[in-house]
Amino acid sequence: MFAEGPSQGARLIVAMILSILLMVLDHRFHQTETLRSTLTVLTYPIQFLAEVPSDIGRWVSDALQSRSDLQTRNKQLLHDNLKLRAELQQTAALQAENERLRDLLGSAYKIGNRVLVAELSAMDLDPFRQQVVINKGSRSGVYEGQAVLDAHAVMGQVTHVSPFTSTVLLITDVEHSLPVQVLRNGLRTIAVGSGRINRLELPYLPNNADIRSEDLLVTSGLGGKFPPGYPVARIIEVKRQPGKPFATVVAQPLAQLDRTREVLLVWEISVPPQFPDQEETPVANPQRPVENEAAAP
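Now for a look at the structure at hand. (Residues numbered from 1 in each chain as written. Predicted model: local features only at pLDDT ≥ 70, side-chain atom pairs only at ≥ 80, totals over all residues. Heavy atoms only, no water.)

**Some details on the side chain of serine 220**
Counting through the fold element by element, serine 220 comes out in the loop between β9 (216-219) and β10 (231-239). A distance of 3.4 Å separates a polar side-chain atom of serine 220 from the backbone nitrogen of leucine 222. Beyond its immediate chain neighbours, meaning those up to four positions away, serine 220 contacts Pro179, Val180, Gln181, Arg188 and Pro228. (Helix = DSSP H or I, 4+ residues; strand = E, 2+ residues; numbered from the N terminus. Polar contact = N/O pair within 3.5 Å; in protein donor to acceptor, adjacent residues only side chain to side chain. Contact = heavy atoms within 4.5 Å.)

**Things to note about the sheet that holds strand β6 (residues 177-182)**
Judged by pairing direction, the barrel is antiparallel, and its 6 strands sit side by side in the order β6-β7-β8-β11-β10-β9 before closing back on the first. The sheet contact formed by strand β7 (residues 188-193) and strand β8 (residues 200-201) spans 2 bridges and is antiparallel. Along β8, the bridge assignment pairs glycine 193 with leucine 200. (Pairing = 2+ DSSP bridges.)

**As for the environment of alanine 151**
Among the secondary structure elements, alanine 151 is positioned in the loop between β3 (147-149) and β4 (154-161). Residues alanine 151 and alanine 255, 104 residues apart in the sequence, show an inter-C-alpha distance of 7.5 Å.

**Regarding helix α2 (residues 33-63)**
End to end, α2 covers 43 Å across 31 residues, agreeing with the expected 45 Å (1.5 Å per residue, within 8%). At threonine 43, α2 is deflected by roughly 40 degrees, the largest bend along its length, and proline proline 45 occurs up to four residues later in sequence. (Expected span 1.5 Å × (residues − 1). Bend = angle between axes of the 7 residues up to and from the residue.)

**Observations concerning the packing of aromatic side chains**
On inspection of all chains with the given rule, the structure shows 1 aromatic pair. Between the aromatic rings of tyrosine 44 and phenylalanine 164, the centroid separation amounts to 4.9 Å while the plane-to-plane angle is 25 degrees, which identifies the pairing as stacked. Of this pair, tyrosine 44 sits in helix α2 while phenylalanine 164 is found in the loop between β4 and β5 (166-170), placing the two residues 120 residues apart along the sequence. (Phe/Tyr/Trp six-rings, centres within 6.5 Å; stacked < 30°, edge-to-face > 60°.)

**Here we look at the nonpolar core**
Val154, Leu202, Ile211, Leu217, Val232 and Leu265 are the most contacted members of the largest nonpolar core, which totals 43 residues. Sorting elements by how many residues they give to this core places strand β12 (residues 262-270) first, with 5 residues. The residues contacting leucine 217, other than those within four sequence positions of it, are Val180, Gln181, Val182, Leu202, Tyr230, Pro231, Val232, Ala233, Ile235 and Ala251. (Core = buried A, V, L, I, M, F, W, Y, C linked by side-chain atoms within 4.5 Å. Buried < 20%, exposed > 50% of the residue type's maximum accessible area, 1.4 Å probe, protein only.)

**Observations regarding a nonpolar patch on the surface**
There is a patch of nonpolar side chains on the surface, built from Val14, Leu18, Leu21, Leu22, Leu25 and Phe29 and spanning about 560 Å² of accessible area. Residue placement: leucine 18 occurs in helix α1 (residues 8-29). (Patch = residues over 30% accessible without salt bridge, like charges linked within 9 Å, V, L, I, M, F, W, Y side chains within 5 Å. Areas by Shrake-Rupley, 256 points an atom, 1.4 Å probe, with all protein chains shown as cover. Salt bridge = Lys/Arg side-chain N within 4 Å of Asp/Glu carboxyl O.)

**Topic: the pairing of β10**
Relative to β10, β9 is paired through 3 bridges, and the arrangement is antiparallel. By the bridge assignment for β10, leucine 216 is matched with arginine 234. Bridge count for β10 against strand β11 (residues 248-253) is 6 bridges, and the pairing is antiparallel. Note on β11: the bridge partner recorded for arginine 234 is glutamine 252.

**As for the pattern of salt bridges**
Scanning the entire structure with this criterion turns up 8 salt bridges. Between aspartate 215 and arginine 184 there is a salt bridge, with the nearest N and O atoms lying 2.9 Å from each other. Remark: arginine 184 occurs in the loop between β6 and β7 and aspartate 215 occurs in the loop between β8 and β9; sequence separation between them is 31 residues. The exposure class of aspartate 215 is buried, given its relative accessible area of 5%. Salt bridges here are not isolated pairs; linked through shared partners, they connect Arg129, Asp173 and Glu175.

**Quick look at unusual backbone geometry**
Notably, glutamate 214 is not glycine yet its phi reads approximately 80 degrees, a positive angle. Its place among the elements puts glutamate 214 in the loop between β8 and β9. A relative accessible area of 51% means that glutamate 214 is categorised as exposed.

What is shown is where atoms sit, not what they do.
This is how it looks when you write it as structure tokens:
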């Protein structure tokens, strides 16, 4: 009648062993992936309801803006639109020139990108894990390893996908590395996250590397994760110490990682090279329109 069960210490040890066993199984064999996706689907309505008050608050705030504020914002948007249209004209001219050069080289190889707009639904910016959750998942075609950008530069890549949401690992996370190159001279290297939201490190550049402050870093396209040519960061510090093989190089991300709310999910469309006969002219392959997707900037 007075028999007692296992002690509290024994229960704690058993729970720790079971927890470690489950973590090992999930890491090595992905045994809990189905359970995790199911729980994500079940908790999605709760997450949606939790965001309703903030959405209502933003709607009320926008509705109560004064007429003068709206006029000022409208003027600023018109000014920005004019600048963007001018830049678009330059981009169109450069693209036309690039196509002419490709024709001269006898190649019809073309690369196009399509993107999907998503919104952030959660954010975790602690030094140990810098990641965000977006409101697009596998039902929208999102896949693991997909590149994610904001309106300014590269943000990170998708690491986990569920039917309705996805987790994005930011480029500043300590476990993230990104192949980049210096736009000025084409020097290639690796940008590694530092755990700080405004800092990237380039630890593999020798002291005699041709790099200096204010250099712009763009994606190199190596590794196949990120399309080439997208801006990443700008060099803010270069220290060369005699006696050490590598320089200390620090860059600041151009993406607004702690303020951006809308992001772009990028698909890279690669058309195989074509070698037409001399009597034929290369014909560009039209991109298939995709619903709810916008043209890449």
